[in-house]
Amino acid sequence: AVSLGVGWLFGHRLAAAAVWADQARDRERQVEKGRRDLVAWVSHDLRTPLAGLRAMAEALEDQVVHDPDTVGEYHRRIRVETDRMTRLVDDLFELSRINAGALRLSLSTVPLGEVVSDAVAVTTPIAQARRIRLVAAESGWPTVSASEPELSRVVANLLLNAVRYTPEDGTVRVSGGRDRDGVWLAVADTCGGIPEADLPRVFDVAFRGERARTPRTTPDGDGDDGGAAGGLGLAIVRGLVEAHGGRVAVHNIQQGCRFVVHLPTP
Ligand code: ADP
């Protein structure tokens, strides 16, 4: 009976170890795939605009373009693309800090309502230009233990996405509160829903939905909507939330989708 007991226990240990090893291998495979996706993506998202910039700079230098309107347009495009690429490099830097575990969070008690109203203020001009109603509760917000710059980034990225992916005349609602798990924050929009097949992938590095890949008209007409450049916004959101010991999820609702962040309370 004793040897049976030991064997049984040992068997369980082995099984547990095997599951662990499997999970570690899966995780490694995921990280490796993420790295490959990122390299492929950087070479596309960085090289394509760089080639465009070079062509425009060359045309200006060689005075191939003369008429003032075209010259002005080339200068403007060079500025817009440079801004976009600067943000892209900033985002890549942020992601690599997150992935390397090099984030130093300095936690304090943060009033979530203030973080939300700051993000709403920044996003309002874009929302207005697209006639999108941006609604956030005025009171009743909890406080949360978080690193304020990182939390602000999370809220701003979610709000910016919501107003970017919601068709004109839509609504974006921000709400929050406390539940058994801690503090939650939700951003719901009327984007028409994310395709079911895309739902598990939206937080992946370099994932971009169909709509993001087709050019959109932008509020100021410069073709740059100020979003995190190229499929990094939600990867950053997830990284920052998880660094806080929290989690983020998305699901479809009646007319759109809803992103929910949960942060633990100490
Ligand atoms: P990007 O917006 O630059 O493509 P993100 O990581 O922020 O990168 O988002 C990844 C993809 O998730 C988007 O391309 C889009 O398809 C989808 N998405 C993100 N936020 C929303 C939203 N609020 N409503 C609908 N789709 C969204």
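Counting of residues starts from 1 at the beginning of each chain's written sequence and follows it residue by residue. Only residues with pLDDT of at least 70 get local features here, since the model is predicted, and only at 80 or more are side-chain atom pairs given and counted; chain-wide, interface and lining totals rely on the full set of residues. Values reported for side chains reflect all heavy atoms of the structure, with hydrogen atoms and water molecules removed beforehand.

- As annotated in an unreviewed UniProt entry, the chain carries the name Sensor-like histidine kinase SenX3 and comes from Phytohabitans rumicis.
- Regarding the chain, the UniProt comment filed under Catalytic activity (unreviewed entry) reads as follows: "ATP + protein L-histidine = ADP + protein N-phospho-L-histidine."
- The annotation that UniProt attaches to the chain under Subcellular location (unreviewed entry) is "Cell membrane". UniProt positions are given in the numbering used here, feature names are shortened, and annotations may be inferred rather than shown by experiment.

Brief notes about the environment of Leu60
In step 1: In this description a helix means any DSSP run of H or I spanning at least four residues, a strand means any run of E spanning at least two, and both kinds are numbered starting from the N terminus. Here Leu60 shows up in helix H1 (residues 2-61).
In step 2: The spatial distance from the C-alpha of Leu60 to the C-alpha of Val71 is 7.1 Å, given a sequence separation of eleven residues.
In step 3: Only heavy atoms matter for contacts: two residues are in contact if any of them lie within 4.5 Å across the pair. Apart from the residues within four sequence positions on either side, Leu60 is in contact with Val65, Val71, Tyr74, His75 and Ile78.

Details of the site of the ligand
In step 1: A cutoff of 4 Å decides nearness: a residue is near a molecule or strand if any of its heavy atoms lies inside that distance of it. In the region of the ligand, 20 residues are neighbours, and Asn161, Tyr165, Asp189, Gly209 and Gly231 sit closest.
In step 2: Pairs of N or O atoms are called polar contacts if they sit within 3.5 Å, as long as, within protein, a hydrogen donor faces a hydrogen acceptor (for residues adjacent in sequence, only side-chain-to-side-chain pairs). In the model, an oxygen atom of the ligand is placed 2.8 Å from a nitrogen or oxygen of the Gly231 main chain.
In step 3: Take Gly233: an N or O atom from its main chain is 3.4 Å from an oxygen atom of the ligand.
In step 4: Coverage of the ligand by the protein chains reaches 96% of its 530 Å² of free accessible surface.
In step 5: At the level of secondary structure, the elements contributing two or more residues to the shell around the ligand comprise helix H4 (148-165), helix H6 (233-243) and strand E7 (257-264).
In step 6: All amino acids are sorted into three groups, where Ala, Val, Leu, Ile, Met, Phe, Trp, Tyr, Cys and Pro are nonpolar, Asp, Glu, Lys and Arg are charged, and the leftover types, Gly among them, are polar. Grouping the constituent residues of the shell around the ligand by class yields twelve nonpolar, five polar and three charged. What sets the accessible areas is the Shrake-Rupley method with a 1.4 Å probe; for residues, cover comes only from the shown protein chains.

A look at the nonpolar core
In step 1: By nonpolar core we mean a set of buried residues, namely Ala, Val, Leu, Ile, Met, Phe, Trp, Tyr and Cys, connected to one another through side-chain atoms within 4.5 Å. Note on exposure labels: buried denotes an accessible area under 20% of the residue type's maximum, exposed denotes more than 50%, and partly exposed covers the range between, all computed with a 1.4 Å probe on protein chains only. Judged by nonpolar contacts, the single largest core of 56 residues is most densely connected at Leu159 and Phe259.
In step 2: The contact partners of Phe259, leaving out residues within four places of it in the chain, are Leu158, Leu185, Ala186, Val187, Ile194, Val202, Phe203, Leu234, Ala249 and Val250.

Re helix H3 (residues 112-129)
In step 1: When the terminal C-alpha atoms of H3 are compared, their 26 Å separation across 18 residues agrees well with the 26 Å that a helix rising 1.5 Å per residue should span.
In step 2: Thr123 marks the point of greatest bend in H3, at about 45 degrees, and the proline Pro125 comes within the next four residues.
In step 3: Of all the residues in H3, the buried ones are Leu112, Gly113, Val115, Val116, Ala119, Val120, Thr123, Ile126 and Ala127.
In step 4: For H3, the secondary structure elements touched by its buried residues are strand E1 (108-111), strand E2 (133-136), strand E3 (143-146), H4, strand E4 (171-179) and strand E5 (182-188).
In step 5: Positioned one or two residues after H3, Arg131 has a phi angle of 50 degrees, which is positive. Expected helix span is computed as 1.5 Å times (number of residues minus one). Here the bend at each residue means the angle between axes fitted to two seven-residue stretches, the one ending at that residue and the one beginning there.

Thoughts on unusual backbone geometry
In step 1: Positive phi, normally seen in glycine, also occurs at Gln63, with a value near 55 degrees.
In step 2: One can find Gln63 in the loop between H1 and helix H2 (68-99).
In step 3: In the Ramachandran plot, Arg131 falls in the positive-phi region, its phi being about 50 degrees despite a non-glycine side chain.
In step 4: Relative to the helices and strands, Arg131 is located in the loop between H3 and E2.
In step 5: With relative accessibility at 51%, the residue Arg131 sits in the exposed group.

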